[in-house]
Amino acid sequence: MSKTKMPASLPDPIINENAKIVLARRYQKKDAEGIVYETVKELFWRVASAIAAEEAKYDGSSCKPATLARDFYDLMTSYSFLPNSPTLMNAGTGLGQLAACFVLPVADSIEDIFDAVKHAAMIHKSGGGTGFSFSRLRAKDSVVGSTGGVASGPLSFLRIFNCATEQIKQGGTRRGANMGILRVDHPDIMEFIKAKERDGELNNFNLSIGLTEAFMRAVEKNEEFDLMAPNSGQVVEKLNAREVFNLLVQKAWESGDPGIVFLDRINRDNPTPALGEIESTNPCGEQPLLPYEACNLGSINLGKCYAKGKNGHDSEVNWDELRRIIHLSVRFLDNVIDASVYPLSEITEMVGKNRKIGLGVMGWADLLFQLDIAYNSQTAVDLAERVMKFMRDEARSASKQLAAERGPFPAYAESVFGKANLGPYRNATTTTIAPTGTLSIIGGCSSGVEPLFALSFVRNVMDNDKLVESNPFFETALKQADAYSPKLMEEIAKVGTIRKMEHLPHDLRRVYVTAMDIEPIWHLKMQAAFQKYTDNAVSKTVNLPGSATREDIWDIYWKAYEYGCKGVTVYRDGSKTSQVLCTGDGD
Ligand code: CDP
């Protein structure tokens, strides 16, 4: 595919200090000695021109590659939209692995298990993260037919995956992230729930328990539920559902692990049930996928979609600008699929059938700051629904337009959309809300749909770099209120929040809230509001103060179920020895 040459008049991007460090470390190309030889401008042009070049494949295209390359460049360098890290790292380099999310099957034989270990290693090497369901593996101590011995169970194999990951730094620079899921009705469930109770254990894995609705009903009624042998479906044991749920809550209270995912709900939203059942998500939980499926993500910076009202009043979301960005971003992400080269033919085949993309948002807290809306308010929750409904509707309309130009995703006829005569769409899913661990640093915005962790803080990024950050909207607001002073900033950096600083104006303290200032219920309400209009799932951590009780966590898990979330992750302040601010970064 021929790429458009960089125009001489191309403007230089403006890059924030933190982004400079991150981009040089991980994204700009380096020579054999590790010396960076690509400028940031060249980086963004490399990506823009490579993704735009795919346009030439389509006769019916409404865009010219050269014009589109410039549009994509402007889209990224205005930090209105950024594609997931593997696209930024690899597009146009000849490496071609551009997706962040993969799910691999783990079937119940030694050959299949070690194939999965090998395939995961290949994906990690190329910059992607992998999710697995271990639910098909026979239970520990059950009979192995071929040898007459006993099986060692999902957990012992999970340790092998963990160990293999440790050895392979993703793309040579970052550790591969994994998700391990076990269904709650697997006989080894109690051991799995406790798997990460020792600090540092299985540190390359996020673990989640796959909860079923049958199990949740048993918890509600305080009944027993069945544990079943995965290979025969035979009931091997009965457990009291509340005891299992209690253990789950206890472990999450101790360390944040495991999280939970609601498998039935995820499968109700499976757009192509004829192609199989969804058993796992990607590492951070936002992308449920079929076995061998991959998905590339991208995030729109909502902080850039703000329109100041006339006379400073009636500020609003800039809906026209948001629509423009969504349509361009959907085209970008669909082209990424064509530009991708996957490490396994099975993946190429699955991605080719569904063409899933995951367009999401970041900078949500920044948008709320600009609109003077407190994150922990019904106004914010209502706006979240409105914004995400708009995102989903416009992303689907963009996908429809692409289908008219390029044809629907090949599995469309057998999909839920095809059966209901909706569409046709170019993509089986269009929306996902990612953590944006690194993208938010590059974009200089708040991450995903999270509130700020602190208004001002020291961030540990990657290996040893320490970055001091304070939110620019907060700084401006302080200045406007005549409250800014370097001494005050120092004080705030120590505690992160202004909640107790009663000398500051009330309105500032109302709007500039941080994750820890917010009652847990608002975290959950926000997650549910975004989930309502997201095809895939929402990455979100419900942050709890150190004083939160087990009952609080029970309540959150239960409400996540009631509110229609696809899963939930909690984190109680101080419950891990090394606290990572940016969960997606995996370092
Ligand atoms: O901001 P960035 O594009 O780097 O990633 P993110 O939004 O924080 O994470 C998106 C997805 O990338 C995760 O859910 C994982 O699937 C993958 N990822 C990974 O495999 N390894 C990491 N260290 C970070 C992210």
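### Some remarks on the overall build of the protein
Here is step 1 of the chain: Broken down by element type, the protein carries 21 helices and 20 strands.
Here is step 2 of the chain: The C-alpha atoms of the protein give a radius of gyration of 23 Å, which matches the 25 Å a tight globule of 587 residues would have.
Here is step 3 of the chain: In terms of overall dimensions, the protein has a C-alpha envelope of 75 × 60 × 55 Å along the principal axes.
Here is step 4 of the chain: Taking all 587 residues of the protein together, the buried fraction comes to 57%.

### Focus on the domain arrangement of the protein
Here is step 1 of the chain: Here the protein is described as being made up of domain 1 (101-281) and domain 2 (452-585).
Here is step 2 of the chain: A C-alpha centroid distance of 29 Å is found between domain 1 and domain 2.
Here is step 3 of the chain: Taken together, the contacts link 25 residues of domain 1 with 20 residues of domain 2.
Here is step 4 of the chain: Across the interface of domain 1 and domain 2, roughly 2200 Å² is buried in total on both sides, 60% from carbon and sulfur atoms.
Here is step 5 of the chain: Put simply, domain 1 and domain 2 have one salt bridge between them.
Here is step 6 of the chain: The salt bridge partner of K566 is D269, with a shortest N-O separation of 2.8 Å.
Here is step 7 of the chain: At the boundary of domain 1 with domain 2, the tally comes to nine residue pairs in polar contact (both at pLDDT 80 or more).
Here is step 8 of the chain: Elements with a contribution of two residues or more to the side of domain 1 that touches domain 2: α8 (213-220), α9 (241-255), β10 (259-262) and α10 (263-268).

### Considerations on the confidence of the model for the protein
Here is step 1 of the chain: Across the protein, pLDDT averages 93, with 95% of residues at or above 70.
Here is step 2 of the chain: Of the regions scoring below 50 in pLDDT, residues 578-587 engages in 21 contacts with residues more than four places distant in sequence or in other chains.

### A closer look at the packing of aromatic side chains
Here is step 1 of the chain: Scanning the entire structure with this criterion turns up 23 aromatic pairs.
Here is step 2 of the chain: Note on F215 and F225: the rings are 4.9 Å apart at their centroids and 75° apart in plane angle, and the pair reads as edge-to-face. A residue pair is termed long-range when its members are at least 10 positions apart, and F215 in helix α8 and F225 in strand β8 (residues 224-228) qualify at 10 residues.
Here is step 3 of the chain: Classification of F215 by relative accessible area gives buried; the value is 1%.
Here is step 4 of the chain: The exposure class assigned to F225 is buried, which follows from its relative accessible area of 7%.
Here is step 5 of the chain: Ring centres of F409 and Y412 lie 5.8 Å apart, and the angle between their planes is 90°; on these two criteria the pair is classed as edge-to-face.
Here is step 6 of the chain: Judged by its relative accessible area of 1%, F409 is buried.
Here is step 7 of the chain: When its relative accessible area of 11% is taken as the criterion, Y412 is described as buried.
Here is step 8 of the chain: Members of the aromatic cluster, joined through ring pairs, are F215, F225, F245, F262, W554, Y557, W558 and Y561.
Here is step 9 of the chain: When the ring centre of F262 is taken as origin, the NZ or CZ atom of R265, which lies over that ring, is 5.4 Å away.

### Details of helix α11 (residues 319-339)
Here is step 1 of the chain: With 21 residues, α11 ought to run about 30 Å at 1.5 Å a step, and its terminal C-alpha atoms sit 30 Å apart, in line with that.
Here is step 2 of the chain: Counting buried positions along α11 gives 16 out of 21 residues, so the element sits mostly inside the fold.

### Here we look at the nonpolar core
Here is step 1 of the chain: Formed by 140 residues in total, the largest nonpolar core has its most connected members in W364 and Y557.
Here is step 2 of the chain: Counting the residues that make up this core, at least three belong to each of domain 1 (101-281) and domain 2 (452-585).
Here is step 3 of the chain: Ignoring sequence-local partners within four residues, the contact set of W364 consists of L302, Y375, A380, L383, A384, V387, S446, G448, V449, M526 and F530.
Here is step 4 of the chain: Residues F369, L452, L455 and L504 belong to the second largest nonpolar core, which totals 16 residues.

### Points about helix α5 (residues 110-125)
Here is step 1 of the chain: Given a rise of 1.5 Å per residue, 16 residues ought to cover 22 Å, and the 23 Å separating the end C-alpha atoms of α5 matches this to within 8%.
Here is step 2 of the chain: Those residues of α5 that fall on the buried side of the exposure criterion are I113, A116, V117, H119, A120, I123 and H124.
Here is step 3 of the chain: Just past α5, the residue G127 takes up positive phi, approximately 100°.

### Thoughts on the pattern of salt bridges
Here is step 1 of the chain: Under the counting rule described, the total for this entry stands at 40 salt bridges.
Here is step 2 of the chain: Across the salt bridge formed by D334 and R426, the nearest N and O atoms sit 3.1 Å from each other. On the criterion of sequence distance, the pair formed by D334 in helix α11 and R426 in the loop between α15 (416-419) and α16 (439-443) is long-range, its members being 92 residues apart. Per residue, the accessibility class of D334 equals that of R426, and both read buried.
Here is step 3 of the chain: In the salt-bridge network here, residues are joined through shared partners; they are E55, R331, D334, D338, R355, E405, R406 and R426.

### Some points on the environment of I35
Here is step 1 of the chain: Position of I35 relative to the elements: it lies in the loop between α1 (17-27) and α2 (40-53).
Here is step 2 of the chain: Along the backbone, I35 and K57 are 22 residues apart, and their C-alpha atoms lie at a distance of 35 Å.
Here is step 3 of the chain: Apart from the residues lying within four places of it in its own chain, the contact partners of I35 are K29 and K30.

### Topic: unusual backbone geometry
Here is step 1 of the chain: Following D257, the chain continues to P258 via a peptide bond in cis, the omega torsion being 0°.
Here is step 2 of the chain: Structurally, the position occupied by P258 is in the loop between α9 and β10.
Here is step 3 of the chain: Residue P424 is reached from G423 by a cis peptide bond, and omega for that bond is 5°.
Here is step 4 of the chain: Tracing the backbone shows P424 in the loop between α15 and α16.
Here is step 5 of the chain: Here the phi dihedral of Y292 falls at roughly 70°; this positive angle occurs in a residue that is not glycine.
Here is step 6 of the chain: With respect to the helices, strands and loops of the structure, Y292 is situated in the loop between β12 (288-289) and β13 (294-301).

### Some thoughts on a negative patch on the surface
Here is step 1 of the chain: A surface patch of negative charge is lined by E111, D112, D115 and E346.
Here is step 2 of the chain: In terms of residue count, the dominant contributor to the negative patch is α5 (three residues).
Here is step 3 of the chain: According to the relative accessible area criterion, E346 is partly exposed, its value standing at 30%.

### What about the pairing of β10?
Here is step 1 of the chain: Here β10 shows no split at all, with G259 and V261 on one side and I260 and F262 on the other all buried.
Here is step 2 of the chain: With four bridges joining them, strand β7 (residues 205-211) and β10 adopt parallel strand pairing. In the strand pairing of β10, G210 is matched with V261.
Here is step 3 of the chain: As defined by bridge partners, β10 adjoins strand β20 (residues 567-572) across two bridges and the pair is classed as antiparallel. Paired with V261 across the bridge in β20 is G567.

Conventions and cut-offs
Residues numbered from 1 in each chain as written. Predicted model: local features only at pLDDT ≥ 70, side-chain atom pairs only at ≥ 80, totals over all residues. Heavy atoms only, no water. Helix = DSSP H or I, 4+ residues; strand = E, 2+ residues; numbered from the N terminus. Rg over C-alpha atoms; globule rule 2.2 N^0.38 Å. Buried < 20%, exposed > 50% of the residue type's maximum accessible area, 1.4 Å probe, protein only. Domains from an automatic or database assignment. Contact = heavy atoms within 4.5 Å. Buried area = accessible area lost by both parts, 1.4 Å probe. Salt bridge = Lys/Arg side-chain N within 4 Å of Asp/Glu carboxyl O. Polar contact = N/O pair within 3.5 Å; in protein donor to acceptor, adjacent residues only side chain to side chain. pLDDT = per-residue confidence, 0-100. Phe/Tyr/Trp six-rings, centres within 6.5 Å; stacked < 30°, edge-to-face > 60°. Lys NZ or Arg CZ within 6 Å of the ring centre and 35° of its normal. Expected span 1.5 Å × (residues − 1). Core = buried A, V, L, I, M, F, W, Y, C linked by side-chain atoms within 4.5 Å. Patch = residues over 30% accessible without salt bridge, like charges linked within 9 Å, V, L, I, M, F, W, Y side chains within 5 Å. Areas by Shrake-Rupley, 256 points an atom, 1.4 Å probe, with all protein chains shown as cover. Lys, Arg positive; Asp, Glu negative; His and termini not counted. Charge placed at Lys NZ, Arg CZ, Asp CG, Glu CD. Pairing = 2+ DSSP bridges.

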